[in-house]
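# Structural description and commentary
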Amino acid sequence: MYRFLLTPRWWGINVFVLLAIPFCIFMGSWQLSRFEARVEAHRSADKQVETAKTEAARPLAELLPVDQSTSGQRATVTGRYAKQLLVPDRQVDGKNGFYVLTLLRTDSGKALPVVRGWLPGKADAAKVPAAPTGEVTVTGALQASETPGDNGVSNQGGLPSGQTAAISAASLVNLVSYPVYDAWITLDKADPGMTAVPATAPDNSGLDLKAFQNLGYTGEWFVFAGFVVFMWFRLLRREVEFARDAALGLVPDEEAETQQPTAV
């Protein structure tokens, strides 16, 4: 009854199934490992941010370029405050407001974006306390340049003069005549009248949409493996039923019609 399994058609089906199932399991396991790696990176990043708060600040030059190992580390840099910008639609403690971003000109000629603090409500330059004058030394958590559209960073354009959607060297360099560091810091202690902006974990280290996409893909691949097995058993059952009916002399209606003699 099962001789049909040796036909070329079923050889092709069996080979496909034997290759498809391990492939689906491998891909599902790989996507699951990606999700687990992101979970572990999330835990490590949160721990790194907390640990950095108690560590001594280091000169900015020692922490550049910013990567997952230096993001969140406390940096110190000396310079003079220059151009000031507002970053609208930013939340702190669940409340909407805006960051106060001031560029700090250093002796190197480059400027470091410094988030001096956060204020509630719509972005309004009249609410912002003036930046300190003269040479200042600031200390805060080092952060990588933001990417518009990622991790809640707005990518809207057409903002009023004096505002920027993202804290990014690529964006800021178009607003000033001097080079800008590809990094920024948020002060440990905000300037008077403002709330300090907490440091965030580095990109690709949190439980973001990409992480849960990996988890979703894991489920999909295992479902595919199950579907392949289901379809193989379904085809096998149909073939067995057909062979059994043929052995009993039972012929499907369609085949009976084709076997009837043609009228002359």
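Structure first, text after, so check above.
The following refers to the structure shown. (Residues numbered from 1 in each chain as written. Predicted model: local features only at pLDDT ≥ 70, side-chain atom pairs only at ≥ 80, totals over all residues. Heavy atoms only, no water.)

### Regarding the overall build of the protein chain
Stated formally: Secondary structure is summarised from DSSP: a helix means a run of H or I of at least four residues, a strand means a run of E of at least two, and numbering begins at the N terminus for each. Buried means the residue's accessible area, taken with a 1.4 Å probe over protein chains only, is under 20% of the maximum for its type, while exposed means over 50%, and partly exposed covers the values in between. We call two residues in contact when some of their heavy atoms are within 4.5 Å. Here, Shrake-Rupley sampling with a 1.4 Å probe gives the accessible areas, and only protein chains in the shown set may cover a residue.
Secondary structure summary: the protein chain contains five helices and six strands in total. Reading the secondary structure of the protein chain in the N-to-C direction produces α-β-α-β-β-β-β-α-β-α-α. Every one of the 264 residues in the protein chain was classed for burial, and the buried ones make up 36%. The contacts of the protein chain with a sequence gap of at least 6 include a subset with a gap of at least 24, amounting to 66%. Accessible surface, the protein chain as shown: approximately 15800 Å² in total, 58% of it carbon and sulfur.

### A word on the pattern of salt bridges
Filter applied, for reference: By definition here, a salt bridge exists when the distance from a side-chain nitrogen of Lys or Arg to a carboxyl oxygen of Asp or Glu is within 4 Å.
On inspection of all chains with the given rule, the structure shows five salt bridges. Between R90 and E146 there is a salt bridge whose closest N-O contact spans 2.8 Å. Linking R90 in strand β2 (residues 74-92) with E146 in the loop between β5 (135-143) and α3 (169-172), this pair joins segments that are 56 residues apart in sequence. With respect to burial, R90 and E146 carry one shared label: buried.

### Brief notes about the packing of aromatic side chains
Operational definition: Here the aromatic set is Phe, Tyr and Trp, taking the six-membered ring for Trp, and pairing holds for ring centres within 6.5 Å; pairs whose planes are under 30 degrees apart are stacked, those over 60 apart are edge-to-face, and all others are tilted. For a lysine, the NZ atom is tested; for an arginine, the CZ atom; a charge sits over a ring if that atom is within 6 Å of the ring centre and within 35 degrees of the ring normal.
Overall, the coordinates contain four aromatic pairs when judged by the stated rule. Their ring planes at 85 degrees and their centres at 5.5 Å tell us that F23 and W221 sit as a pair that is edge-to-face. Taken together, the residues span a long stretch of sequence, with F23 in helix α1 (residues 8-52) and W221 in helix α4 (residues 209-247) at a distance of 198 residues. Taking the centre distance of 5.0 Å and the plane angle of 85 degrees together, the rings of W232 and F233 count as edge-to-face. Linked through ring pairs, W10, W232 and F233 together constitute an aromatic cluster. If you follow R105 out to its NZ or CZ, it ends over the ring of Y178, 3.9 Å from the centre. Note that R116 overlies the ring of Y81, its terminal NZ or CZ placed 5.9 Å from the centroid.

### Remarks on the environment of D191
What counts, and what does not: We define a polar contact as two N or O atoms separated by no more than 3.5 Å, with the added condition that, inside protein, one atom must be a possible hydrogen donor and the other a possible acceptor, whereas residues neighbouring each other in sequence contribute only through side-chain atom pairs.
If you trace the backbone, D191 turns up in the loop between β6 (184-187) and α4. Separated by 60 residues in sequence, D191 and A131 have C-alpha atoms that sit 8.2 Å apart. Excluding residues that lie within four positions of it along the chain, D191 makes contacts with R116 and P132. At 2.6 Å, the side chain of D191 forms a polar contact with the side chain of R116.

### What about the side chain of T186?
Relative to the helices and strands, T186 is located in strand β6. Among residues more than four places away in sequence, those in contact with T186 are V115, G140, A141, V197, P198 and A199.

### Here's the deal with unusual backbone geometry
The residue after L64, namely P65, is reached through a cis peptide bond having omega -5 degrees. As for its placement among the helices and strands, P65 is situated in the loop between α2 (60-63) and β2. One non-glycine residue, D89, lies in positive phi territory at about 60 degrees. Despite not being glycine, D93 has its phi angle at roughly 55 degrees, a positive value. Checked against the element boundaries, D93 lands in the loop between β2 and β3 (95-105).

### Side note on the pairing of strand β4 (residues 111-120)
Just so we agree on the cut-off: The pairing criterion for strands is at least two bridges between them, as found by DSSP.
With nine of 10 residues buried, β4 is to be regarded as a mostly interior element. Joining the antiparallel neighbours β3 and β4 is a turn of five residues, in which G109 adopts a positive phi near 95 degrees. With two bridges connecting them, β4 and β6 associate as parallel partners. If you follow V114 over to β6, its bridge partner there is I185.

Bear in mind that shape data such as this cannot, by itself, settle questions of function.
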